[in-house]
Amino acid sequence: MSDAMGMAAPPPSINSTAVNSHSQHHMMMHMTFFWGKNAEVLFSGWPGYNNMGMYVLALLFVFLLAFFVEWISHTNYIKESANHVASGLIQTALYGVRIGLAYLVMLAVMSFNAGIFLVAIAGHTLGFLVFGSRVFKKSPLMAYAKASDLPPISCNC
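Being a predicted model, the structure only gives us computed values, none of them experimental.

1. Some thoughts on the packing of aromatic side chains
And then number 1: Per the counting criterion, the structure on display carries 3 aromatic pairs.
And then number 2: Summarising the aromatic geometry, the rings of Phe68 and Trp71 are spaced 5.0 Å apart at their centres and angled 40 degrees between planes, so their arrangement reads as tilted. On the criterion of helical spacing, the pair formed by Phe68 and Trp71 is a turn pair, its members being 3 residues apart in helix α2 (residues 52-73).
And then number 3: Connected via pairs of aromatic rings, a cluster forms that spans Phe63, Phe67 and Phe131.

Set out below in structure tokens:
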């Protein structure tokens, strides 16, 4: 409308130029599973586009997060004779860390990238095999010992 009145349109600002150049590489968010290395996982622009090395790093990161969730879930840190207040605070801190990491894994899976989904499952599975299953228990008596300081992660299914 400003052209009709004989006025020139304002020049493009630096911000609009940056937005236009960024929108050329911007992906739509997927709402279904897809295969490929062009995904955003946890952070805007990460692992990037057409960067296989960063995608592999993202896969490794999600795998280790899931594995670490299982390690925290099945490890005993508190002695039976420990002070109840101190052990309760440690238990609460560990619970918060475990839940925070579990939510990070969930958010990564919400990228709907099939590779991320598979490594999250693999990390939880291998972590459970190593820390939660009977495969690496030293004696049958350990099966009756306290399994963990933290309650199991429950599914409200």
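Next comes the rest of the description.
2. A short note on unusual backbone geometry
And then number 1: Despite not being glycine, Phe112 shows a phi value in the positive range, around 65 degrees.
And then number 2: Note that Phe112 resides in the loop between α3 (84-109) and α4 (114-131).
And then number 3: A relative accessible area of 22% places Phe112 in the partly exposed class.

3. Quick notes on the UniProt feature "transmembrane region" (unreviewed entry) in the chain
And then number 1: Mapped onto this numbering, the UniProt entry gives "transmembrane region" (unreviewed entry) at residues 52-73, 85-106 and 112-132.
And then number 2: Taken end to end, residues 52-73 is 100% helix and 0% strand, and its first and last C-alpha atoms sit 32 Å apart.
And then number 3: The distance separating the terminal C-alpha atoms of residues 85-106 is 31 Å; by composition the span is 100% helix and 0% strand.

4. Structural notes on the nonpolar core
And then number 1: Val41, Leu59, Val62, Leu101, Val105, Ala108 and Ile116 are the most contacted members of the largest nonpolar core, which has 18 residues in total.
And then number 2: Where this core is concerned, the elements lending two or more residues are α2, α3 and α4.
And then number 3: Looking at this core, the element that brings in the most residues is α2, giving 8 residues.
And then number 4: Those residues in contact with Val105 that sit more than four places away from it in its chain are Val62, Leu65, Ala66, Ala120 and His124.

Cut-offs used in this document
- Residues numbered from 1 in each chain as written.
- Predicted model: local features only at pLDDT ≥ 70, side-chain atom pairs only at ≥ 80, totals over all residues.
- Heavy atoms only, no water.
- Phe/Tyr/Trp six-rings, centres within 6.5 Å; stacked < 30°, edge-to-face > 60°.
- Helix = DSSP H or I, 4+ residues; strand = E, 2+ residues; numbered from the N terminus.
- Buried < 20%, exposed > 50% of the residue type's maximum accessible area, 1.4 Å probe, protein only.
- UniProt positions renumbered as here; feature names shortened; annotations may be inferred.
- Core = buried A, V, L, I, M, F, W, Y, C linked by side-chain atoms within 4.5 Å.
- Contact = heavy atoms within 4.5 Å.

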